Amino acid sequence: MEFVLDGADLFSGLCVNSSLPMLNRVDPYRTQILTSVDMPQFISEVDVTCDLVKGQRERDILEKIRELAERCGEAASLELHLQGD
């Protein structure tokens, strides 16, 4: 199992403030499970968000999440779990 630790909740904050449909549906208090079918849109929205953010910490988190999403997109048996609080 691989994971990205986001102790500062940077990703949650980006999702809550996002106007992109998939990221905007991420609930910081609930777990959301995405499958390989979801990955093209998810990766696209992560890329758009990465281009918009100014901070390096936010970019670093988005890049790590994108790496996991790419792996998930390559194998139908994998899932990406967005863990809420």
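The rules behind each value
- The numbers attached to residues start from 1 for each chain and follow its sequence in the written order.
- Totals for whole chains, interfaces and linings use every residue, but because this is a predicted model, local features are given only for residues with pLDDT of at least 70 and side-chain atom pairs only at 80 or more, for both listing and counting.
- Note that water and hydrogens are dropped before the side-chain values are worked out from all heavy atoms of the structure.
- Under the DSSP-based scheme used, a helix requires at least four consecutive residues in state H or I and a strand at least two consecutive residues in state E, with every element numbered from the N terminus.
- For the radius of gyration, the atoms used are the C-alpha atoms, and the globule rule reads 2.2 Å times the number of residues raised to 0.38.
- Buried means the residue's accessible area, taken with a 1.4 Å probe over protein chains only, is under 20% of the maximum for its type, while exposed means over 50%, and partly exposed covers the values in between.
- Should any heavy atoms of two residues lie within 4.5 Å, those residues are considered in contact.
- Any carboxyl oxygen of Asp or Glu that lies within 4 Å of a side-chain nitrogen of Lys or Arg is treated as forming a salt bridge with it.
- Side-chain atoms within 4.5 Å link the members of a nonpolar core, which is a set of buried Ala, Val, Leu, Ile, Met, Phe, Trp, Tyr and Cys residues.
- Pairing between strands is defined by DSSP: at least two bridges between them are needed.
- Per residue, pLDDT captures the predictor's confidence, and it can take any value from 0 to 100.
- Under the convention used throughout, the expected extent of a helix is 1.5 Å for every residue step, that is, one less than its residue count.
- Directions are taken from the helix axis to each C-beta atom, and the arc is the one they span.

Some details on the overall build of the chain
And then number 1: Scanning the chain for helices and strands turns up four helices and two strands.
And then number 2: Ordered by position from the N terminus, the helices and strands of the chain form the series α-α-β-α-α-β.
And then number 3: Taking 2.2 N^0.38 as the reference for a compact globule, 85 residues should give roughly 12 Å; the C-alpha atoms of the chain span a radius of gyration of 12 Å, in line with that estimate.
And then number 4: With the C-alpha coordinates of the chain rotated into their principal frame, the extents come out at 35 × 25 × 25 Å.
And then number 5: Each of the 85 residues in the chain was classed as buried or not, and the buried ones make up 34%.
And then number 6: Counted over contacts in the chain with a minimum sequence separation of 6, partners at least 24 positions apart contribute 64%.

What about the pattern of salt bridges?
And then number 1: Counting across every chain of the model gives three salt bridges.
And then number 2: Measuring nitrogen to oxygen at the nearest pair gives 2.4 Å for the salt bridge that ties Arg 66 to Asp 47. Placement of Arg 66 in helix H4 (residues 56-74) and of Asp 47 in helix H3 (residues 39-52) is noted, with a sequence separation of 19 residues between them.
And then number 3: Classification of Asp 47 by relative accessible area gives partly exposed; the value is 27%.
And then number 4: In this structure, Glu 70 engages Arg 66 in a salt bridge whose closest nitrogen and oxygen atoms are separated by 1.8 Å.

Re the nonpolar core
And then number 1: Judged by nonpolar contacts, the single largest core of 22 residues is most densely connected at Phe 11, Met 39, Phe 42, Leu 62, Leu 80 and Leu 82.
And then number 2: Elements supplying a minimum of two residues to this core: helix H1 (10-16), helix H2 (21-24), H3, H4 and strand S2 (79-82).
And then number 3: Non-local contacts of Leu 62, meaning those with residues more than four positions away in its chain, are made with Phe 11, Leu 14, Val 46, Thr 49, Cys 50 and Val 53.

Some words on the pairing of strand S1 (residues 32-35)
And then number 1: The side-chain alternation of S1 yields one buried face, formed by Gln 32 and Leu 34, and one unburied face, formed by Ile 33 and Thr 35.
And then number 2: Both S1 and S2 contribute to a ladder of four bridges, which runs antiparallel. Within S2, the residue paired with Leu 34 across the bridge is Leu 80.

A look at the environment of Glu 63
And then number 1: With respect to the helices and strands, the residue Glu 63 is situated in helix H4.
And then number 2: Along the primary structure Glu 63 and Cys 50 are separated by 13 residues, whereas in three dimensions their C-alpha atoms are 7.8 Å apart.

Brief notes about the confidence of the model for the chain
And then number 1: Of the residues in the chain, 100% have a pLDDT of 70 or more, and the chain-wide mean is 95.
And then number 2: Confidence, read as mean pLDDT per element, is least for H1 in the chain (95) and greatest for H3 (98).

With respect to H4
And then number 1: Taking 1.5 Å as the rise per residue, H4 with 19 residues should run 27 Å; its terminal C-alpha atoms sit 27 Å apart, in good agreement.
And then number 2: Within the span of H4, buried status applies to Ile 61, Leu 62, Ile 65, Leu 68, Ala 69 and Cys 72. The buried residues of H4 occupy one face: seen down the axis, they fall within an arc of 125°.
And then number 3: Contact partners of the buried residues in H4: H1, S1, H3 and S2.

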